[in-house]
Amino acid sequence: MNDGLTIRPFTFSIDLENCRITDADNHIKRNLADMKNQYFYKEAYDKMMKEDNALLYEVYEKLVPEKSGELIQGLSIVHPGKVGKEYFMTKGHFHSIIDTAELYLCLKGKGMMVMETPEGEWAIEEMIPNKAVYVPGKWAHRSVNISDTDLVTLFIYPADAGHDYGTIKEKSFRKIVIEENGKPAIMDNPMWNL
Ligand code: PA5
Ligand code: NI
C-alpha cells in the first residue's frame, strides 16, 4: 500500500488461474442489488433478486496516491450470466475528470466494451485475450461478459480521474448487449434517457 508520501516503485502479480491480484490493496464486489434499474429485463431481475443477490463482478486494485501523474491499475472480473437476455456487465461510468482516458487489456474470456460520449457517439469493441481497448477521454465505458466463463481485464487509468456513476445511473447507456438466437447482439436501449 502506498500512502502518498512514501510511494516507491512496486510490483504486483496477477493470478490468472484464480482471477485475482495476489497482493491487491482493495477488493470490490458488486452484486445484482447494486444494478437496480440498469437491466432492461425487469421481471427477470426481480425474479433473480428473490432467489439470490448474485455476485456479478469483482475488482482488485493496487492503490496509489490519487493525484495527477500517477496511474491506478487493477483487475476487473465479470462473471458469466444473464438477466433475461442481457449479459452480466459492470455499472459503467464517465470519469469525474471527464477527459481522462483508460486502457483495458483482456486477459481471459470474451466480452464487449460498450462506450459512448455525452454528445451521443457510441462504440462497442470486442474484448478477447491479448487484445487491448483504448477508451479515450470523455467516453463512458462498461464491460459486458458475452461468454460462459469469467471475463478478466487489466485496467490502467489516471489516478485522479475519479468515477461519475450518476450520469449512467440516471440515463443508462444508449446500447445494450443481449443474447439473440444464441449469439450476442447489440440493441438500442429502450430505457435510455428515461
Ligand atoms: O475505472 C474503471 O473503468 C474500472 O476500474 C472499473 O471501475 C471496473 O471495471 C468496474 O466497473 P464500474 O466502476 O463501472 O463498476
Ligand atoms: Ni473507468
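Preceding block: the structure.
Residues numbered from 1 in each chain as written. Chains lettered and ligands numbered in written order. Predicted model: local features only at pLDDT ≥ 70, side-chain atom pairs only at ≥ 80, totals over all residues. Heavy atoms only, no water.

Here we take up the coordination of the nickel ion (ligand 2). For the nickel ion (ligand 2), every protein donor is listed as H93 (NE2), H95 (NE2), E102 (OE) and H141 (NE2), and the spread of their distances is 2.1 to 2.2 Å. For the nickel ion (ligand 2), the six donor atoms in the first shell make angles of 51 to 170 degrees at the metal, a pattern classed as irregular. On the accessibility criterion, H95 (3% relative accessible area) is buried. Classification of H141 by relative accessible area gives buried; the value is 2%. (Donors = N, O, S within 2.8 Å, 3.2 Å for Na, K, Ca; no water. Tetrahedral: all angles 85-135°; square planar, octahedral: opposite > 155°, others 65-115°. Buried < 20%, exposed > 50% of the residue type's maximum accessible area, 1.4 Å probe, protein only.)

Turning to the site of ligand 1, a few remarks are in order. In the vicinity of ligand 1, 15 residues are found, and the nearest of them are Y57, G92, E102, Y104 and Y165. At 2.5 Å from an oxygen atom of ligand 1 is found a side-chain nitrogen or oxygen belonging to Y57. For ligand 1, the protein covers 98% of the area, taking 370 Å² as the surface of the free molecule. Contributions of two or more residues to the shell around ligand 1 are made by β4 (55-62), β9 (102-108) and β14 (151-158). Residues of the shell around ligand 1, tallied by class, amount to six nonpolar, six polar and three charged. (Near = heavy atom within 4 Å. Polar contact = N/O pair within 3.5 Å; in protein donor to acceptor, adjacent residues only side chain to side chain. Areas by Shrake-Rupley, 256 points an atom, 1.4 Å probe, with all protein chains shown as cover. Helix = DSSP H or I, 4+ residues; strand = E, 2+ residues; numbered from the N terminus. Nonpolar A, V, L, I, M, F, W, Y, C, P; charged D, E, K, R; others polar.)

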